[in-house]
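Observations on the three-dimensional arrangement
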Amino acid sequence: MQSDQALIAGLIEACREAIAQNAEHLCELDSAIGDGDHGTNMRRGCDAVCAERQNLSGLSFPEAVEKIGITLVMNIGGAAGPLYGTLLMEIGRELRDRDKTSDFATAFERAVDAVARRGRSRSGDKTLLDVLYPIHAELTRRAALADIAERARLSADRTAPMRAMRGRAAYLGDRSIGHVDPGASSCALLTAAICRYLGEHRAA
Ligand SMILES: [Mg+2]
């Protein structure tokens, strides 16, 4: 099994690559119902985390996750920055505050609830929560990594028929219907990248 440091470095690179490869697509999705900058913002956030790698290397896994969250808040911007930042900061804090045997699913659940509070959003509002809650459901049933990634992908697709209730897209009302939410899409892409990396580098 990899050290915490190698795991963090590998996951950061996997996520940066996934966003870099799909940044244009994410901007296109955001152009349809927002201001077209989601890919650019996510890329900036990932690049900032990569630049921090040296500082992260001395930290435990929970500490590193929390610090990555802080970096994302400061660098992604837009609506997504605080949401992704909250998710990671809360996962880090949850994992740090309990002993190693506690399950990741519970830490993830609390973090997703914090994201919902931060965004004053709920399931069905056409946000990244519509991917995060299904991921939690998969974690709870201890699904295989490939199944988690697939559920995330399908859940992002399912935001298309939803009417946006939060953020810039909400101003479009019914015109937001028919477009996949960019935040849900980036969330699914990152989940796929993380699951693929863990599948290749960590024993189940
Ligand atoms: Mg935007």
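Look above for the structure.
Report on the accompanying structure. (Residues numbered from 1 in each chain as written. Predicted model: local features only at pLDDT ≥ 70, side-chain atom pairs only at ≥ 80, totals over all residues. Heavy atoms only, no water.)

1. Quick notes on the overall build of the protein
Applied cut-off: A helix here means a DSSP run of H or I that spans at least four residues, while a strand means a run of E at least two residues long, and both kinds are numbered starting from the N terminus. For every residue, the accessible area (1.4 Å probe, protein chains only) is compared with the maximum for its type, and the residue is labelled buried under 20%, exposed over 50%, or partly exposed between those bounds. It only takes one pair of heavy atoms within 4.5 Å for two residues to be counted as in contact. Here the accessible surface of atoms and residues is derived via Shrake-Rupley with a 1.4 Å probe, and residues count as covered only by protein chains that are part of the display.
Scanning the protein from N- to C-terminus turns up 9 helices and 0 strands. If you line up the protein on its principal axes, its C-alpha atoms span 50 × 35 × 30 Å. When burial is assessed residue by residue, the protein has 50% of its 204 residues classed as buried. For the protein, restricting intrachain contacts to residue pairs at least 6 apart in sequence, the fraction spanning at least 24 positions comes to 63%. If you sum the accessible surface of the protein, you get close to 10100 Å²; carbon and sulfur atoms cover 51% of it.

2. Examining unusual backbone geometry
The residue Arg120 is not glycine, and still its phi comes out positive at about 45°. Within the secondary structure, Arg120 is located in the loop between helix H6 (104–119) and helix H7 (129–140). Although it is not a glycine, Arg142 adopts a positive phi angle of roughly 55°. A relative accessible area of 69% places Arg142 in the exposed class.

3. Concerning the packing of helix H2 (residues 38–51) against helix H4 (residues 61–76)
Packed helices, taken two at a time, are described by their axes: the angle between them and the distance between them. What counts, and what does not: Axes here refer to lines fitted to C-alpha atoms; in helices the fit is confined to the stretch in contact. Angles between the N-to-C directions go from 0 to 180 degrees. For this classification, under 35 degrees means roughly parallel, over 145 means roughly antiparallel, 65 to 115 means roughly perpendicular, and everything else is oblique. For any pair of crossing helices, the crossing counts as left-handed if the nearer helix is rotated counterclockwise from the farther one by less than a right angle, and right-handed if it is rotated clockwise. Any residue outside Ala, Val, Leu, Ile, Met, Phe, Trp, Tyr, Cys, Pro, Asp, Glu, Lys and Arg is labelled polar, Gly included; the first ten of those are nonpolar and the last four are charged.
Their axes nearest at 8 Å, the elements H2 and H4 cross at an angle of 140°. As summarised for this structure, H2 and H4 are arranged oblique, according to the angle between their axes. H4 is crossed by H2, and the crossing has right-handed handedness. Of H4, the residues touching H2 (which contributes Asn41, Met42, Arg44, Gly45, Ala48 and Val49) are Ile68, Thr71, Leu72, Asn75 and Ile76. Across the contact of H2 with H4, the residue classes tally to 6 nonpolar, 4 polar and 1 charged.

4. A short note on the coordination of the magnesium ion
Quick reminder of the rule: Metal coordination here is assigned from N, O and S atoms located within 2.8 Å of the ion, or within 3.2 Å for Na, K and Ca; omission of water means that sites may look incomplete.
Every protein donor of the magnesium ion is accounted for by Asp30 (OD), Asp35 (OD) and Asp37 (OD), and the metal-donor separations fall at 2.0 to 2.3 Å. Each donor residue of the magnesium ion lies on the same chain, and together they follow the pattern D-x4-D-x1-D. Asp35 gets classed as partly exposed once you look at its relative accessible area, which sits at 39%.

5. Notes on the environment of Ala160
In this structure, Ala160 sits in the loop between helix H8 (145–157) and helix H9 (182–201). Expressed as a C-alpha distance, the spacing of Ala160 and Val73, which sit 87 residues apart in the sequence, is 26 Å. Ignoring any residue separated from it by four or fewer positions in sequence, one finds Ala160 in contact with Lys126, Ser176, Ile177, Gly178, His179 and Val180.

6. Overview of the pattern of salt bridges
The cut-off we apply is this: When a carboxyl oxygen of Asp or Glu lies within 4 Å of a side-chain nitrogen of Lys or Arg, that pair is called a salt bridge.
Applying the stated criterion to the full structure yields 14 salt bridges. Salt-bridge contacts for Arg153 lead to Glu150; the nearest nitrogen and oxygen are separated by 2.9 Å. With Arg153 and Glu150 both in helix H8 and 3 residues apart, this pair spans about one turn of that helix. You can call Glu150 partly exposed: its relative accessible area is 35%. Here the salt bridges share partners, and the residues they tie into one network are Glu66, Glu90, Arg93, Arg96 and Asp97.

7. Details of the nonpolar core
For clarity, the cut-off: What we call a nonpolar core is a set of buried Ala, Val, Leu, Ile, Met, Phe, Trp, Tyr and Cys residues that are connected through their side-chain atoms within 4.5 Å.
Of all hydrophobic cores here, the largest spans 53 residues; its most connected members are Tyr84, Leu87, Phe108, Leu132 and Ile135. Listed by contribution, the elements that provide at least two residues to this core are helix H1 (4–33), H2, H4, helix H5 (80–97), H6, H7, H8 and H9. Sorting elements by how many residues they give to this core places H1 first, with 9 residues. The residues contacting Tyr84, other than those within four sequence positions of it, are Met42, Leu72, Ile76, Leu128, Gly183, Ser186, Cys187 and Leu190.

8. Focus on the state of the cysteines
Which entries qualify depends on this criterion: Disulfides are defined as pairs of cysteine sulfur atoms found within 2.5 Å of each other.
Counted according to the given criterion, the structure contains 0 disulfides. Left unpaired, Cys195 is separated from the closest cysteine sulfur, that of Cys15, by 10 Å. A relative accessible area of 9% places Cys195 in the buried class.

9. Focus on H8
Short version of the rule: For a helix, the expected span equals 1.5 Å multiplied by the number of residues minus one. What the arc covers is the set of directions going from the helix axis to the C-beta atoms.
Compared with the 18 Å implied by 1.5 Å per residue over 13 residues, the 19 Å span of H8 between its first and last C-alpha is a close match. Taken together, the buried positions of H8 are occupied by Ile148, Ala149, Ala152, Ser155 and Ala156. When H8 is viewed along its axis, its buried side chains cluster within an angular range of 130° and face the same direction. Check the buried side of H8 and you find it contacts H7 and H9.

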